[in-house]
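Structure at a glance
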Amino acid sequence: MLSLVEEYVSGLQDSKAKDTAKGVKDGEFTVLQLVEALGLSLTSSQPHTRARGVQLLSEVLQECYGGLTEREVEVLIAFYENRLKDHYVITPPVLQGLRALTKCTALPPGSAVSMLRSLFQDVHVQLSYRKQNCVFLCDSFTELKGLGADFVFGFVQSMDGERDPRNLLLAFQIAKSIVHRGYDLGKFTEELFEVTSCYFPIDFSPPPNDPHGITREELILTLRDVLAGTPQFAEFLLPLIIEKLDSDVQSAKLDSLQTLTACVSQYEHKDLAEFLEGLWASLRREVFQTSSEKIESAGLAALTALTSCLSRSVLNSDSEDSLCIFLDLVLKDCKHHLCEPDLKLVWPSAKLLQAACSASNRASVVKYEPESVFGAFRSSLCSIVFSAVTETNASLQITASSVLTSLAQQTGEMICGTHSRFRFGQKFSSDCAGALAELHPAAFITKLIPRLKKEMFSDNNREASEQQSHHALRQRCLSALAAVSIQPSVVQESTPVLLEVLSSAHTGSVGFSVEEVVLTCSSLQRIAEQVQDTEETGRCFHDIIIPRLLSLALQAGLQGDHLDIVTNLHKNFSYYLYLTAYILYLKSVLSENVFLLIHIMFPQKQKGDSWSQSQMVCLLMGCVCSLPRSVEVPQMDQLLLQLEELSCTCSHPPSYTSAAKCFAGLVNKRAPGDSLDSLIQSTMKRVYSVLDSESSSVRTQAFTLMIWVARALLLRYHPLCTALIDKLFSLLDDADLGPMAADGFSLLMSDSSDVLNRSCHADVRIMYRQRFFSENSAKLVQGFNAAPQEKKPNYLKALSNIVNKLPKQVQVTELPALLSLLLEALSCPDQGVQLSTLSCLEPVLIDPPAALIQQLEALVNRLLALTSSRAMNVRIVSLRCIHAVSRFPVHEVLPFRARVLRALARPLDDKKRLVRDEAVQARSEW
């Protein structure tokens, strides 16, 4: 121990402090024994020697304060308090030691007060940041309350005159604790306010590269917490804010307004009473005269906060209502501006009135007692709003819709009765209608829905000029029905109207156009997406919507009439059933529907190729492919056999495609095991035999089934997927199916909207695209190298389809290995391949790998050739890539500069503005 002390004090070896602390921790000696060993150092005639001795002790205490007893702490505190009277060079290590002692759990009662008194009495200098963090004892506030106003006075003295931002931040934090923890400020309230408010507003700007990280915003917020922390500062702070608002400095105004907003949340009306007139005058001026939106917003926020504070006042029988007094000032100064011919102050006055009214319900109705503030103006307000809704200005219509929604909370019946005056085609009108319907469903059921139905089914015998207008009205009515159908009670009334539209279109009794039928189906789809999921809703779907839609679709399909209408109905119905099947979860209705569809689509004795029946498979797909895996599909084995047969023999493309997708959707969800493997192998044996027969007339059908089954197995990582993928690769060399096989890779890698996605409860494993790429990229390269020249475009298209669907981060990592093929793909005549390849290359060019720079000659040549492509998108993306290449290392791209500039002259005169824009940017960089 003695050698450690000697080496630290005399040898100036700072590392010995850690060794000494370790000795104390290991029990080799105690802290008090260390003090005794420091005796000669602590009594030395040289101040710096004494300072080194105290420094060693303090550093040891920082490591070992937890093991001290209460008696040891008491002795050490007495020692340190005595050392505060020593030479000033000893003060920093003393403060360091005291700071360590304040962390002791065995701190004797009264010691915090004792230390603080010594600090206030014996430390008389402004300390630098590296020392001052020990000056203020922040860890014993409860005990320090016993000092009362003496503590506040000592703090004021310590802080007075401080200029270092680092010290100020700490001082503000302590002042905040003083006012927020309820210290008795006593007669020093004004002194504490003055010593802190003299820095308001903060105008500190940190120097560049400030290592301490003190920001102006940090100082502003901490000081604001101090000034706004207690109502005792009100009589001093409010006059100061009024004074600072007269400043010409914008930042001072903004800080003052924000501080006012913060402080009034702590005040009562009596704290504000004598300053209301001055505060209003300042706030009014800032809103009327400012050129800064920030200051105007801060002024309005301060007015709202001020009014809110006055609204909370509790009145006595003999007290004045400060809120009424203040609002009289506001009304007096704003009202006459609203009536003047000069309109320049109308908007600022309206903003001020709005800010005051929005503070509280009491502030908005104080002049009207309990009556609604809008009660007396209901008729005129509605007239103004509806007039604005019918204007052609979109912004005015949007604002009017928002006003209407707000008014509906007080005047719902009247609003709903006239809501059909909306132009429902716009989204904002529909949103407003939906909001109103949630507030007042009964009014919409009794008034709006009958009115909309009447408009849609009104006399159709009109002149041609009127007919177009009537169709537009019908479309707005259909959108309105969808928008208001959120509450179950409204859905029960609106959906029969939409179903009646479909029925009328089917029978031809009312002349609904194809566009109107499509919109009707879309409206039903929207209702299914947005309606509240309740038992009442499910019953409506089960009893009314699904049976009626199914009936309409079957009738239309079997009759073979209205083919366009049927097609659109099927497209929407499939998605509609997908949304409703999960809500229903009712096995009975699903079983009935599936059974019916099976017997319609697959009759026992089918004459010819009756696609009018087979096309119903899209409805079946919507029923069964959206079910959770836990729900058993009735007659599953029979259904799969029938779907396979339909997929491989039907000549109607929508029918065999839907059948293949339905088959794949069921296979994806089927439980693993021998039954599934046997089914897949049997199906693929049939498919392979068809694909291998070049004379077969149903090769396209077989390929469609194969690619969808491959996707179903790929998503769930089924081992039999590998054989299907290998077959798909082999078909790239097929003379007839090669291009289709290349497109098939896009289907494998893309998301599907109707089947085989997570929303349909399909078995989708994570990162299946990355796994597919890692397992098959080498096969693709090998196949490309071995393929004859005329078949290579198929491989390039397949590569582009695969890589383009990979996540960007994977593309950047994997593309260098495939660079030669991608450059070949840029020369492929297929514009889709060109575009997807360029999209893959673009992110890689930002940080090019070495392999790409080595191929710069080939890259530049191909990119420049594509700037003259017939496809605008190809020209645009190729120019972006040329732009990115300009950022390659200068010595690499400089040889190409003249050639690139010459080639970019042509796209500068391109007939498309977007192409010209890209060309200008690229040429400027080059």
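Look up a bit, the structure's there.
Residues numbered from 1 in each chain as written. Predicted model: local features only at pLDDT ≥ 70, side-chain atom pairs only at ≥ 80, totals over all residues. Heavy atoms only, no water.

**Points about the overall build of the chain**
Regarding its fold elements, the chain presents 51 helices and zero strands. For the chain, with 926 residues in total, the buried portion stands at 52%. The long-range share in the chain, meaning contacts at least 24 apart out of those at least 6 apart in sequence, stands at 72%. Summing over all exposed atoms, the chain offers an accessible surface of approximately 43,000 Å²; the carbon and sulfur share of this is 51%. (Helix = DSSP H or I, 4+ residues; strand = E, 2+ residues; numbered from the N terminus. Buried < 20%, exposed > 50% of the residue type's maximum accessible area, 1.4 Å probe, protein only. Contact = heavy atoms within 4.5 Å. Areas by Shrake-Rupley, 256 points an atom, 1.4 Å probe, with all protein chains shown as cover.)

**Some details on the nonpolar core**
Membership of the largest hydrophobic core comes to 117 residues, with the highest contact counts inside it found for Leu859 and Val885. The element contributing the most residues to this core is helix H38 (residues 699-715), with 12 residues. Filtering out sequence-adjacent residues up to four positions away, Leu859 remains in contact with Leu823, Leu826, Leu841, Leu845, Leu852 and Val885. Core analysis: the next-biggest nonpolar cluster, separate from the first, contains 110 residues, Val24, Leu169, Ile178 and Ala298 among them. (Core = buried A, V, L, I, M, F, W, Y, C linked by side-chain atoms within 4.5 Å.)

**Remarks on the side chain of Arg670**
Positionally, Arg670 belongs in the loop between helix H36 (653-669) and helix H37 (674-691). The exposure class of Arg670 is buried, given its relative accessible area of 17%. Among the polar contacts made by the side chain of Arg670, one reaches the side chain of Asp637 at a distance of 2.8 Å. Once residues within four sequence positions are removed from consideration, Arg670 is found in contact with Met636, Asp637, Leu640, Ser675, Leu676, Leu679 and Arg716. (Polar contact = N/O pair within 3.5 Å; in protein donor to acceptor, adjacent residues only side chain to side chain.)

**A closer look at the packing of helix H12 (residues 165-180) against helix H14 (residues 216-227)**
Axis separation between H12 and H14 bottoms out at 8 Å; the angle between their running directions is 25°. The pairing of H12 with H14 is recorded here as roughly parallel in orientation. Crossing of H12 over H14 shows left-handed handedness. Here H12 contributes Pro165, Leu169, Phe172, Gln173, Ala175, Lys176, Val179 and His180 to the contact with H14, which in turn contributes Glu218, Leu219, Thr222, Leu223, Asp225 and Val226. (Axes fitted to C-alpha atoms, helices over the stretch in contact; angles between N-to-C directions. Parallel < 35°, antiparallel > 145°, perpendicular 65-115°, else oblique. Left-handed = near helix turned anticlockwise from the far one by under 90°.)

From the geometry alone we can't say anything about function, so treat these as descriptive.
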